[in-house]
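The chain contents come next:
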Amino acid sequence: MATVVAFHAHPDDEVILTGGTLARAAADGHRVVVVAATDGRVHNADDGFRLDELRSSARILGVHRVECLGYADSGYGPQFYPDPPGRIRFGRADVEDAAQRLAAILAEEDADLLLSYQPNGGYGHRDHVQVHHVGKRAAEFAATPRVLEATMPRELLVRAGRLARLLRLPPPYEPDVARTAYAPRASITHRIDVFGFARQKRDAFAAHRSQIGESTVGARMYDVLLRLPPQAFGLLFPREWFVDPALPPGAARRDIFD
C-alpha cells in the first residue's frame, strides 16, 4: 500500500478537486493525508470553524491525518490585504520556509505521491498558485517520488459556463477566467472515475457549510445539489483529473498510482 499526501490551499478545496480520489484511495487501503496551507481565515477575527469543517470532511472521505500549515487566507480578487497581526498570508509566504514545513510532513509519512496544483493555480487564485510553488519545492526537499497536479478540463468549464448563463444561473467561472483556467483536455494525464464515491464527496462537501451561504442564488443551487441522491450527484460529478508534469500527453490513466 502507498501513502498519498494531498496539499490544498483552503478547507473545502480537498473536496472540490480531489474528494472522490481521496475516498477511493482510502477505500483501497492506501494511507491518505490532507495538508491545508491556510486555515481559511482572511481576518484574525473570523471564526475558526473552517478547520473543524475540514476535519469533518476528512472523516467522511476516510482521510487518516489532517494538518494545517497555519497561514492566513490571501483572499481572491484584485485587493491583496496586508498580513493580519501575527500571521502571514499564504500568497506572501516565503516559498522555502513553507516548503520545509510541508517537506517535514512528506518525510514523516514517507509519502509515495503528492497531490498539488498546476502553475496557474487552476483559476489564478494567489493561494492556489502558491500551492504549486510550495508543493513542487517540498517534493524536492523530501525526495517524494511523484507529484500529480489536480485540475479540470478547461473545455468542460467553458461549456458549463455557457449552460449556466443560458439557465440564468451563476457560472462556475467568468468567461475570461474559464478560457485560461486549469488545463486543456489533451494535456490531462489521469482521469479518475469517482462515481462510486459520490455519497462521500457530496457529504464531505456539505460539511463545509460555511462556504455555501444561505440567501444567494448560488447558495440555493448548492443546497439543491447537496440534496441530490448519490447516484444523481455522481452522474453530475463522475470524474476527477490530474496532470503528471513528468509524463507526455497521451491516453489518460485511470488510477493516481499508475
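Residues numbered from 1 in each chain as written. Predicted model: local features only at pLDDT ≥ 70, side-chain atom pairs only at ≥ 80, totals over all residues. Heavy atoms only, no water.

Draft legend 1. View of the domain arrangement of the protein. Per the domain assignment, the segments making up the protein are domain 1 (3-151 + 188-240) and domain 2 (153-183). The C-alpha centroid of domain 2 is placed 21 Å from the C-alpha centroid of domain 1. Listed by partner, the interface residues are eleven residues for domain 1 and ten residues for domain 2. The tally of links from domain 1 across to domain 2 stands at zero salt bridges. Our enumeration of links across domain 1 and domain 2 arrives at four residue pairs in polar contact (both at pLDDT 80 or more). Mapped by element, the contributors of at least two residues to the side of domain 1 that touches domain 2 are α4 (121-124) and α9 (217-226). Broken down by element, the side of domain 1 that touches domain 2 gets its largest block of residues, three residues, from α9. Taken together, the residues that form the side of domain 1 that touches domain 2 break down as six nonpolar, five polar and no charged. (Domains from an automatic or database assignment. Contact = heavy atoms within 4.5 Å. Salt bridge = Lys/Arg side-chain N within 4 Å of Asp/Glu carboxyl O. Polar contact = N/O pair within 3.5 Å; in protein donor to acceptor, adjacent residues only side chain to side chain. Helix = DSSP H or I, 4+ residues; strand = E, 2+ residues; numbered from the N terminus. Nonpolar A, V, L, I, M, F, W, Y, C, P; charged D, E, K, R; others polar.)

Draft legend 2. Focus on the pattern of salt bridges. All chains considered together, the criterion is met by 18 salt bridges. Between Asp 39 and Arg 87 there is a salt bridge whose closest N-O contact spans 2.9 Å. One end of the pair, Asp 39, is in the loop between β2 (31-38) and α2 (49-61); the other, Arg 87, is in the loop between β3 (65-71) and α3 (95-109), and 48 residues separate them in sequence. The residues Asp 39 and Arg 87 share a single accessibility class, namely buried. (Buried < 20%, exposed > 50% of the residue type's maximum accessible area, 1.4 Å probe, protein only.)

Draft legend 3. A look at unusual backbone geometry. Positive phi is not limited to glycine here, since Asp 12 has a value of about 105°. By the secondary structure assignment, Asp 12 is in the loop between β1 (3-8) and α1 (13-27). Despite not being glycine, Asp 110 shows a phi value in the positive range, around 50°.

Draft legend 4. Spatial organisation of the packing of α2 against helix α8 (residues 198-206). It is at 8 Å that the axes of α2 and α8 come closest, and there the two elements cross at 170°. Looking at the two axes, α2 sits roughly antiparallel to α8. Contacts between α2 and α8 involve Ser 57, Ile 60 and Leu 61 from the former and Gln 200, Lys 201, Asp 203 and Ala 204 from the latter. Tallied by class, the residues present in the contact of α2 with α8 amount to three nonpolar, two polar and two charged. (Axes fitted to C-alpha atoms, helices over the stretch in contact; angles between N-to-C directions. Parallel < 35°, antiparallel > 145°, perpendicular 65-115°, else oblique.)

Draft legend 5. Molecular detail of the layout of surface pockets. If you add up the space inside the second largest pocket, you get close to 210 Å³. At the level of secondary structure, the elements contributing two or more residues to the lining of the second largest pocket comprise β4 (113-117), α5 (126-142) and β5 (146-151). With four residues, α5 is the single largest residue contributor to the lining of the second largest pocket. Across the lining of the second largest pocket, the residue classes tally to six nonpolar, two polar and five charged. (1 Å grid on protein atoms, 1.4 Å probe; cavity = no way out; pocket = protein on both sides within 12 Å on 5 of 7 lines; lining within 4 Å. Points joined across faces, edges and corners; volume = space filled by probe spheres on them.)

Draft legend 6. Region of the structure containing the environment of Arg 65. By the secondary structure assignment, Arg 65 is in strand β3. Assessed through its relative accessible area of 15%, Arg 65 is described here as buried. With ten residues separating them in the primary sequence, Arg 65 and Arg 55 have C-alpha atoms 8.9 Å apart. Excluding anything up to four places from it in sequence, Arg 65 contacts Arg 31, Val 32, Val 33, Val 34, Ile 105, Glu 108 and Glu 109. A polar side-chain atom of Arg 65 sits 3.0 Å from a polar atom in the side chain of Glu 67. Polar side-chain contacts of Arg 65 include one of 3.5 Å to the side chain of Glu 108.

Draft legend 7. Structural detail: empty space enclosed by the protein. Enumeration over the complete set of coordinates arrives at one cavity of 30 Å³ or more. Put simply, the largest cavity is a space of about 50 Å³. Together, Thr 21, Arg 24, Ala 25, Asp 28, His 30, Ile 192, Asp 255, Ile 256 and Phe 257 line the largest cavity. The greatest single-element share of the lining of the largest cavity, amounting to three residues, is contributed by α1. A class-by-class count of the residues in the lining of the largest cavity yields four nonpolar, two polar and three charged.

Draft legend 8. Expanded view of helix α6 (residues 154-166). For α6, with 13 residues, the first-to-last C-alpha span of 19 Å sits near the 18 Å given by 1.5 Å per residue. Among the residues making up α6, those that are buried are Leu 157, Gly 161 and Ala 164. Projected onto a plane normal to the axis of α6, the buried residues spread over an arc of 65° and lie on a single side. For α6, the exposed residues set more than 90 degrees away from the buried face come down to Arg 162 and Leu 166. (Expected span 1.5 Å × (residues − 1). Arc of directions from axis to C-beta.)

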